[in-house]
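Structural overview for review
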Amino acid sequence: MSHNRRTAARSARILGVSAASAALALGAAGSALACSLADFSAAALCDGGKGVITVTDKDASGVPAVVTVYLENNGSDLRQVGEQTVIGTKEGAQVQFAEEWKPGAVYRVHVTATRGTKTFVNDDIPLLTAPAKACAAEQTAKPSPSTSRSATGKPSASASASTPADDDTTATASGSAAAPAPGGNEVSPAAQESNLAETGADSNTPVIAGIAAALVAVGGAAVFFGMRRRGAGNRH
């Protein structure tokens, strides 16, 4: 009997140690999943040339948290920047506050995380100091010189540069069309050649004129001799 009692007592002690170890392990796991202030961080950043304050929540348990941001001045709240609710994730959930922060500005970030009636966090994370360099404003694209008209409705540089050339071309074309021929009534070489052809100044004109003159002379002589014969017949 005494041997059985010793065996039972030893078994009870082993079970007790195992139960205690399991309880400690569960407690440690629960503590690891619990929301804490260390899960939250803040940073002053630039987004598209504008300042923002970003708060990140890496609470894997997903406890909803209310984040409130204040601008500080000599240790006191100057104004409230904004307030948002964030539900944390293992990778990190973020909320952003639009704030045109100045270099070196100090902000206080307060976190209140509760679930049901239990409050996990109700404290400030370490003060946030903005960077020493402000956000640079984004540069807008300038219109290219090839644009036909600028935003004010005036011709662009390329259009103005091409205008004198167009005016010169127009002036040259109109000047050449409207300018009279030198010398007033002078006839062009082509017209002179046409006139010479019409007046018989070509190579065949003297031959034709000679034949015509001979025919006229023959005709005149025939008329003359005919009249003489007629006159002589009348006298007889």
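Here the structure is shown first, and the text comes after it.
Presented here is an overview of the structure given in this document. The shown structure was predicted, so the numbers you read here are calculated from the model rather than taken from an experiment.

What counts and what doesn't
- Residues numbered from 1 in each chain as written.
- Predicted model: local features only at pLDDT ≥ 70, side-chain atom pairs only at ≥ 80, totals over all residues.
- Heavy atoms only, no water.
- Helix = DSSP H or I, 4+ residues; strand = E, 2+ residues; numbered from the N terminus.
- Buried < 20%, exposed > 50% of the residue type's maximum accessible area, 1.4 Å probe, protein only.
- Contact = heavy atoms within 4.5 Å.
- Areas by Shrake-Rupley, 256 points an atom, 1.4 Å probe, with all protein chains shown as cover.
- Patch = residues over 30% accessible without salt bridge, like charges linked within 9 Å, V, L, I, M, F, W, Y side chains within 5 Å.
- Salt bridge = Lys/Arg side-chain N within 4 Å of Asp/Glu carboxyl O.
- Pairing = 2+ DSSP bridges.
- Axes fitted to C-alpha atoms, helices over the stretch in contact; angles between N-to-C directions.
- Polar contact = N/O pair within 3.5 Å; in protein donor to acceptor, adjacent residues only side chain to side chain.
- Disulfide = S-S within 2.5 Å.

This part takes up the overall build of the protein chain. Assigned secondary structure in the protein chain consists of four helices and eight strands. Mapped in sequence order, the helices and strands of the protein chain form the string α-β-β-β-β-β-β-β-β-α-α-α. Per-residue burial over the protein chain gives 18% buried out of 236 residues. If you take every contact in the protein chain between residues at least 6 apart in sequence, the share linking residues at least 24 apart comes to 57%. Total accessible area computed for the protein chain in this model is approximately 17,100 Å², and 59% of it derives from carbon and sulfur atoms.

This part is about a nonpolar patch on the surface. Taken together, the side chains of V207, I211 and L215 define a hydrophobic patch exposed on the protein surface, amounting to about 310 Å² of accessible area. Position of L215 among the secondary structure elements: in helix α4 (residues 205-235).

Tallied over the entire structure, the rule returns four salt bridges. Between E72 and R108 there is a salt bridge, with its nearest N and O atoms 3.9 Å apart. Of the two residues, E72 is situated in strand β3 (residues 64-73) and R108 in strand β6 (residues 106-115); the sequence distance between them amounts to 36 residues. Each member of the pair, E72 as well as R108, is classed as buried.

The subject of this paragraph is the sheet that holds strand β2 (residues 50-57). With antiparallel pairing, three strands are arranged side by side in an open sheet as β1-β2-β5. Of all the strands in the sheet, the pair left with one neighbour each is β1 (40-47) and β5 (93-98). Across the sheet, the mean angle separating the axes of adjacent strands is 25° when strand polarity is ignored. Note that β1 and β2 share eight bridges and pair antiparallel. If you follow S41 over to β2, its bridge partner there is T56.

Attention now goes to the environment of T89. With respect to the helices and strands, T89 occurs in the loop between β4 (76-87) and β5. On the accessibility criterion, T89 (31% relative accessible area) is partly exposed. For the pair T89 and G62, spaced 27 residues apart in sequence, the C-alpha to C-alpha distance is 5.9 Å. The contacts of T89, once residues within four sequence positions are left out, are D57, K58, D59 and A60. A distance of 2.9 Å separates a polar atom in the side chain of T89 from the backbone nitrogen of G92.

Positioned with a positive phi, N74 is a non-glycine residue whose angle comes to about 55°. Turning to its location among the elements, N74 is positioned in the loop between β3 and β4. For N74, a relative accessible area of 79% puts it in the exposed group.

Glancing now at the state of the cysteines. Applying the stated criterion to the full structure yields one disulfide. Covalent S-S linkage joins C46 and C135, the inter-sulfur distance amounting to 1.9 Å. Across the disulfide from C46 to C135, rotation about the S-S bond amounts to roughly -90°, and the bridge is consequently left-handed. Taken together, the residues span a long stretch of sequence, with C46 in strand β1 and C135 in the loop between β8 (128-129) and α2 (157-178) at a distance of 89 residues. On the basis of relative accessible area, C46 is assigned to the partly exposed category, the value being 45%.

The subject of this paragraph is the side chain of T68. In this structure, T68 sits in strand β3. In this structure the side chain of T68 is engaged in a polar contact, spanning 2.8 Å, whose partner is the side chain of E83. T68 has contacts with Q80, G82, E83, R108, V109 and H110, leaving out every residue within four places of it along the chain.

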